[in-house]
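Topology and contacts: notes
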Amino acid sequence: MEGGALLDGLTPVEVRAPGAWQVATVSSIRPETPRVKSFRLALPMWMPHLPGQHYDVRLTAPDGYTAQRSYSVASSPLDKGEVELTIDRLDDGEVSPYFHDVLTEGDQVEVRGPFASYFVWRGEAPVLLVGGGSGVVPLMAILRHRRRTTPDLPMRLVYSVRSADEVIYADELGEDALLTFTREPPPGWAGHTGRIDAALVAQAAPDGGVAFVCGSNGFVETATHLLLEAGFAPHGVKTERFGPTG
(Lines give C-alpha, C1' and ligand atoms only; values in the text may rest on other atoms or scores of the structure.)
Protein backbone atom coordinates (compact mmCIF):
# COMPACT_ATOMS: atom_id res chain seq x y z
CA MET A 1 0.00 0.00 0.00
CA GLU A 2 1.41 3.37 -1.01
CA GLY A 3 1.38 6.55 1.01
CA GLY A 4 0.83 5.13 4.48
CA ALA A 5 -2.49 6.11 6.03
CA LEU A 6 -5.21 6.95 3.56
CA LEU A 7 -5.20 10.75 3.58
CA ASP A 8 -2.77 11.63 6.36
CA GLY A 9 -0.49 13.49 4.01
CA LEU A 10 -3.30 15.51 2.48
CA THR A 11 -4.56 17.33 5.56
CA PRO A 12 -2.49 20.50 4.81
CA VAL A 13 -4.70 21.16 1.80
CA GLU A 14 -7.43 22.16 4.23
CA VAL A 15 -5.42 24.94 5.85
CA ARG A 16 -3.04 26.16 3.15
CA ALA A 17 -4.21 28.59 0.50
CA PRO A 18 -3.57 27.48 -3.08
CA GLY A 19 -0.58 29.19 -4.60
CA ALA A 20 -0.53 32.04 -7.08
CA TRP A 21 -0.32 31.43 -10.81
CA GLN A 22 2.66 29.26 -11.70
CA VAL A 23 4.12 28.02 -14.96
CA ALA A 24 3.67 24.29 -15.44
CA THR A 25 5.50 22.20 -18.03
CA VAL A 26 3.69 19.58 -20.10
CA SER A 27 5.52 16.34 -19.35
CA SER A 28 3.28 13.99 -21.34
CA ILE A 29 0.12 13.92 -23.46
CA ARG A 30 -2.00 10.78 -23.76
CA PRO A 31 -5.02 10.44 -26.08
CA GLU A 32 -7.98 8.89 -24.28
CA THR A 33 -10.66 9.11 -27.00
CA PRO A 34 -10.88 10.93 -30.35
CA ARG A 35 -11.89 14.10 -28.45
CA VAL A 36 -10.31 13.67 -25.02
CA LYS A 37 -6.65 13.85 -23.97
CA SER A 38 -4.86 13.62 -20.63
CA PHE A 39 -2.10 16.14 -19.94
CA ARG A 40 0.55 15.56 -17.28
CA LEU A 41 1.80 18.87 -15.91
CA ALA A 42 4.99 19.24 -13.86
CA LEU A 43 4.58 21.97 -11.25
CA PRO A 44 7.47 23.96 -9.73
CA MET A 45 5.29 24.76 -6.67
CA TRP A 46 3.47 21.46 -6.30
CA MET A 47 1.29 20.79 -3.29
CA PRO A 48 -0.85 17.72 -2.54
CA HIS A 49 -4.50 17.86 -3.52
CA LEU A 50 -7.55 15.99 -2.31
CA PRO A 51 -9.22 13.66 -4.84
CA GLY A 52 -11.99 15.68 -6.43
CA GLN A 53 -10.24 19.07 -6.45
CA HIS A 54 -9.47 21.12 -9.54
CA TYR A 55 -6.94 23.51 -11.05
CA ASP A 56 -7.48 26.72 -12.97
CA VAL A 57 -5.74 27.09 -16.33
CA ARG A 58 -5.07 30.49 -17.92
CA LEU A 59 -4.06 31.33 -21.48
CA THR A 60 -2.82 34.80 -22.44
CA ALA A 61 -2.84 36.06 -26.05
CA PRO A 62 -0.17 38.43 -27.44
CA ASP A 63 -2.65 41.32 -27.18
CA GLY A 64 -3.18 40.63 -23.47
CA TYR A 65 -6.53 38.87 -23.78
CA THR A 66 -6.87 36.02 -21.29
CA ALA A 67 -9.07 32.94 -21.17
CA GLN A 68 -9.42 30.86 -18.03
CA ARG A 69 -11.05 27.50 -17.31
CA SER A 70 -11.18 25.04 -14.42
CA TYR A 71 -10.33 21.36 -14.90
CA SER A 72 -10.62 18.53 -12.39
CA VAL A 73 -7.47 16.69 -11.38
CA ALA A 74 -7.50 13.08 -12.56
CA SER A 75 -4.33 11.89 -10.85
CA SER A 76 -3.76 10.55 -7.36
CA PRO A 77 -2.27 12.93 -4.78
CA LEU A 78 0.58 10.43 -4.52
CA ASP A 79 1.91 11.56 -7.92
CA LYS A 80 4.29 14.08 -6.38
CA GLY A 81 5.44 17.03 -8.43
CA GLU A 82 2.77 16.81 -11.10
CA VAL A 83 -0.95 16.65 -11.80
CA GLU A 84 -2.97 15.14 -14.62
CA LEU A 85 -5.76 17.10 -16.28
CA THR A 86 -8.05 15.23 -18.67
CA ILE A 87 -9.60 17.67 -21.12
CA ASP A 88 -12.53 17.24 -23.51
CA ARG A 89 -12.07 19.21 -26.74
CA LEU A 90 -14.97 21.60 -27.35
CA ASP A 91 -15.07 23.09 -30.85
CA ASP A 92 -16.28 26.49 -29.64
CA GLY A 93 -14.06 26.55 -26.55
CA GLU A 94 -11.22 28.97 -25.93
CA VAL A 95 -8.91 26.78 -23.86
CA SER A 96 -9.53 23.12 -24.75
CA PRO A 97 -8.77 23.51 -28.51
CA TYR A 98 -5.42 25.10 -27.59
CA PHE A 99 -4.56 22.14 -25.38
CA HIS A 100 -5.57 19.64 -28.06
CA ASP A 101 -4.27 21.35 -31.20
CA VAL A 102 -1.29 23.45 -30.08
CA LEU A 103 0.34 22.15 -26.90
CA THR A 104 3.11 19.60 -27.19
CA GLU A 105 5.34 17.94 -24.62
CA GLY A 106 7.76 20.48 -23.16
CA ASP A 107 5.41 23.44 -23.66
CA GLN A 108 4.40 25.57 -20.70
CA VAL A 109 1.06 26.82 -19.41
CA GLU A 110 -0.14 28.88 -16.44
CA VAL A 111 -2.04 27.09 -13.69
CA ARG A 112 -3.06 27.65 -10.09
CA GLY A 113 -4.57 25.42 -7.44
CA PRO A 114 -5.59 23.04 -6.09
CA PHE A 115 -8.94 24.50 -5.15
CA ALA A 116 -11.09 22.86 -2.54
CA SER A 117 -14.78 22.20 -2.65
CA TYR A 118 -17.12 19.90 -0.84
CA PHE A 119 -16.79 17.46 -3.76
CA VAL A 120 -13.69 15.78 -2.33
CA TRP A 121 -13.04 12.32 -0.95
CA ARG A 122 -11.51 12.19 2.51
CA GLY A 123 -11.54 8.45 3.02
CA GLU A 124 -15.23 7.80 3.61
CA ALA A 125 -16.41 4.28 2.92
CA PRO A 126 -18.09 2.54 1.26
CA VAL A 127 -18.27 4.70 -1.87
CA LEU A 128 -20.31 4.68 -5.07
CA LEU A 129 -18.98 6.81 -7.94
CA VAL A 130 -21.43 7.75 -10.70
CA GLY A 131 -20.13 9.53 -13.80
CA GLY A 132 -21.49 10.55 -17.16
CA GLY A 133 -19.15 11.26 -20.08
CA SER A 134 -16.19 13.43 -19.05
CA GLY A 135 -17.73 13.63 -15.57
CA VAL A 136 -15.67 10.53 -14.86
CA VAL A 137 -12.48 12.64 -14.51
CA PRO A 138 -12.64 13.66 -10.81
CA LEU A 139 -14.07 10.24 -9.99
CA MET A 140 -10.97 8.64 -11.52
CA ALA A 141 -8.80 10.62 -9.12
CA ILE A 142 -10.78 9.08 -6.26
CA LEU A 143 -10.66 5.58 -7.75
CA ARG A 144 -6.94 5.76 -8.55
CA HIS A 145 -6.10 6.96 -5.05
CA ARG A 146 -8.17 4.25 -3.40
CA ARG A 147 -6.49 1.59 -5.54
CA ARG A 148 -3.06 2.76 -4.40
CA THR A 149 -3.82 3.31 -0.73
CA THR A 150 -6.65 1.05 0.46
CA PRO A 151 -7.48 -1.42 -2.32
CA ASP A 152 -9.77 -3.41 -0.03
CA LEU A 153 -12.01 -0.43 0.73
CA PRO A 154 -15.44 -0.94 -0.95
CA MET A 155 -15.76 1.37 -3.96
CA ARG A 156 -17.54 0.99 -7.29
CA LEU A 157 -17.72 3.21 -10.35
CA VAL A 158 -20.83 3.38 -12.52
CA TYR A 159 -19.90 5.03 -15.81
CA SER A 160 -22.43 6.07 -18.45
CA VAL A 161 -21.04 6.71 -21.93
CA ARG A 162 -22.54 6.87 -25.39
CA SER A 163 -20.28 4.46 -27.29
CA ALA A 164 -17.15 2.37 -26.89
CA ASP A 165 -14.87 4.90 -28.58
CA GLU A 166 -15.87 7.52 -26.00
CA VAL A 167 -14.80 5.55 -22.93
CA ILE A 168 -12.18 7.59 -21.07
CA TYR A 169 -9.49 5.60 -19.22
CA ALA A 170 -10.65 2.46 -21.04
CA ASP A 171 -7.47 0.55 -20.20
CA GLU A 172 -7.88 1.26 -16.45
CA LEU A 173 -11.47 0.17 -15.90
CA GLY A 174 -11.60 -3.19 -14.21
CA GLU A 175 -13.86 -5.15 -11.90
CA ASP A 176 -14.52 -2.09 -9.74
CA ALA A 177 -16.28 -0.36 -12.66
CA LEU A 178 -19.67 -0.94 -14.29
CA LEU A 179 -20.30 0.60 -17.70
CA THR A 180 -23.51 1.33 -19.53
CA PHE A 181 -23.67 2.40 -23.18
CA THR A 182 -26.50 4.74 -24.04
CA ARG A 183 -26.19 4.64 -27.85
CA GLU A 184 -23.79 2.11 -29.36
CA PRO A 185 -22.55 -0.74 -27.17
CA PRO A 186 -19.49 -2.59 -28.48
CA PRO A 187 -20.03 -5.84 -30.41
CA GLY A 188 -20.87 -8.72 -28.12
CA TRP A 189 -21.58 -6.47 -25.16
CA ALA A 190 -23.57 -8.35 -22.52
CA GLY A 191 -23.62 -5.66 -19.86
CA HIS A 192 -26.05 -2.84 -19.19
CA THR A 193 -27.28 -0.63 -22.03
CA GLY A 194 -29.27 2.59 -21.93
CA ARG A 195 -29.31 5.30 -19.32
CA ILE A 196 -28.51 4.67 -15.69
CA ASP A 197 -31.54 3.17 -13.98
CA ALA A 198 -32.58 1.78 -10.61
CA ALA A 199 -31.44 -1.75 -11.51
CA LEU A 200 -27.90 -0.60 -12.33
CA VAL A 201 -27.69 1.48 -9.15
CA ALA A 202 -28.92 -1.48 -7.12
CA GLN A 203 -26.28 -3.72 -8.72
CA ALA A 204 -23.45 -1.34 -7.87
CA ALA A 205 -24.56 0.38 -4.68
CA PRO A 206 -22.88 -0.59 -1.42
CA ASP A 207 -24.76 -1.00 1.82
CA GLY A 208 -24.79 2.57 3.09
CA GLY A 209 -21.87 4.91 2.54
CA VAL A 210 -21.57 7.96 0.31
CA ALA A 211 -21.93 8.67 -3.39
CA PHE A 212 -20.14 11.08 -5.73
CA VAL A 213 -21.98 12.08 -8.92
CA CYS A 214 -20.45 14.12 -11.76
CA GLY A 215 -21.80 14.90 -15.21
CA SER A 216 -24.13 17.23 -17.08
CA ASN A 217 -27.03 18.90 -15.29
CA GLY A 218 -29.59 16.38 -16.54
CA PHE A 219 -27.37 13.43 -15.72
CA VAL A 220 -26.71 14.64 -12.19
CA GLU A 221 -30.41 15.27 -11.53
CA THR A 222 -31.39 11.80 -12.74
CA ALA A 223 -28.59 9.99 -10.92
CA THR A 224 -29.22 11.84 -7.67
CA HIS A 225 -32.91 10.93 -7.78
CA LEU A 226 -32.04 7.26 -8.30
CA LEU A 227 -29.55 7.30 -5.43
CA LEU A 228 -32.05 8.82 -3.03
CA GLU A 229 -34.62 6.23 -4.05
CA ALA A 230 -32.00 3.54 -3.43
CA GLY A 231 -31.65 4.67 0.17
CA PHE A 232 -28.72 7.08 0.13
CA ALA A 233 -29.11 9.94 2.60
CA PRO A 234 -29.29 13.41 1.00
CA HIS A 235 -26.18 14.54 2.85
CA GLY A 236 -24.38 11.45 1.58
CA VAL A 237 -24.75 12.33 -2.11
CA LYS A 238 -22.14 14.81 -3.34
CA THR A 239 -22.62 16.25 -6.82
CA GLU A 240 -20.61 18.25 -9.32
CA ARG A 241 -21.91 19.51 -12.65
CA PHE A 242 -20.05 20.58 -15.76
CA GLY A 243 -21.25 22.96 -18.43
CA PRO A 244 -20.45 23.45 -22.12
CA THR A 245 -17.64 26.00 -21.67
CA GLY A 246 -14.09 25.00 -22.46
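Located above this text is the structure these notes cover.
Everything quoted here is computed from the prediction, not taken from an experiment. (Residues numbered from 1 in each chain as written. Predicted model: local features only at pLDDT ≥ 70, side-chain atom pairs only at ≥ 80, totals over all residues. Heavy atoms only, no water.)

**Concerning the overall build of the protein chain**
- Tallying secondary structure elements over the protein chain gives four helices and 12 strands in all.
- Expected size for 246 residues packed as a compact globule is a radius of gyration near 18 Å; at 18 Å, the protein chain falls within 12% of this value.
- Counting only C-alpha atoms and orienting by the principal axes, one finds that the protein chain spans roughly 55 × 40 × 30 Å.
- The burial tally for the protein chain puts 48% of its 246 residues in the buried class.
- In the protein chain, of all internal contacts separated by at least 6 residues, the share reaching a separation of at least 24 is 69%.
- Working note: accessible area of the protein chain is about 11,300 Å², and carbon and sulfur atoms make up 52% of it.
- Charged side chains of the protein chain number 21 positive and 31 negative; the gap between the two group centres comes to 2 Å. (Helix = DSSP H or I, 4+ residues; strand = E, 2+ residues; numbered from the N terminus. Rg over C-alpha atoms; globule rule 2.2 N^0.38 Å. Buried < 20%, exposed > 50% of the residue type's maximum accessible area, 1.4 Å probe, protein only. Contact = heavy atoms within 4.5 Å. Areas by Shrake-Rupley, 256 points an atom, 1.4 Å probe, with all protein chains shown as cover. Lys, Arg positive; Asp, Glu negative; His and termini not counted. Charge placed at Lys NZ, Arg CZ, Asp CG, Glu CD.)

**Here we look at the packing of aromatic side chains**
- Scanning all chains against the criterion turns up four aromatic pairs.
- When the ring of F39 is compared with that of F99, the centres are 5.0 Å apart and the planes differ by 85 degrees; the resulting orientation is edge-to-face. Here F39 is found in strand β2 (residues 36-42), whereas its partner F99 is found in helix α1 (residues 96-101), with 60 residues between them in sequence.
- Following the ring pairs from residue to residue traces out a cluster consisting of F39, Y71 and F99.
- Of note, R144 hangs over the ring of Y169, and the distance from its end group to the ring centre comes to 4.9 Å. (Phe/Tyr/Trp six-rings, centres within 6.5 Å; stacked < 30°, edge-to-face > 60°. Lys NZ or Arg CZ within 6 Å of the ring centre and 35° of its normal.)

**A closer look at the sheet that holds strand β12 (residues 237-241)**
- A sheet is described by the order of its strands in space; here six strands give the open sequence β10-β9-β8-β7-β11-β12, paired in parallel fashion. The outermost strands of the open sheet, each flanked by one partner alone, are β10 (192-193) and β12.
- Examined bridge by bridge, strand β9 (residues 177-184) and β10 share two bridges and lie parallel to one another. Bridge pairing in β10 places F181 opposite T193.
- Along the sheet, helix α2 (residues 136-149) makes contact with β7 (127-132), β8 (155-163), β11 (210-215) and β12, crossing β8 at roughly 145 degrees. (Pairing = 2+ DSSP bridges. Axes fitted to C-alpha atoms, helices over the stretch in contact; angles between N-to-C directions.)

**Describing the layout of surface pockets**
- Each pocket or cavity is described by its volume, and for the largest pocket that value is around 680 Å³.
- Sorting the residues of the lining of the largest pocket by element identifies β8, β9 and α4 (217-229) as the ones contributing at least two each.
- When its residues are assigned to classes, the lining of the largest pocket shows eight nonpolar, nine polar and seven charged. (1 Å grid on protein atoms, 1.4 Å probe; cavity = no way out; pocket = protein on both sides within 12 Å on 5 of 7 lines; lining within 4 Å. Points joined across faces, edges and corners; volume = space filled by probe spheres on them. Nonpolar A, V, L, I, M, F, W, Y, C, P; charged D, E, K, R; others polar.)

**As for the pattern of salt bridges**
- Scanning all chains against the criterion turns up 19 salt bridges.
- Between E82 and R40 there is a salt bridge, with its nearest N and O atoms 3.0 Å apart. Linking E82 in strand β5 (residues 82-88) with R40 in strand β2, this pair joins segments that are 42 residues apart in sequence.
- Salt-bridge contacts for D101 lead to R89; the nearest nitrogen and oxygen are separated by 2.4 Å. Remark: R89 occurs in the loop between β5 and α1 and D101 occurs in helix α1; sequence separation between them is 12 residues.
- Judged by relative accessible area, R89 falls into the buried class, the value being 19%. (Salt bridge = Lys/Arg side-chain N within 4 Å of Asp/Glu carboxyl O.)

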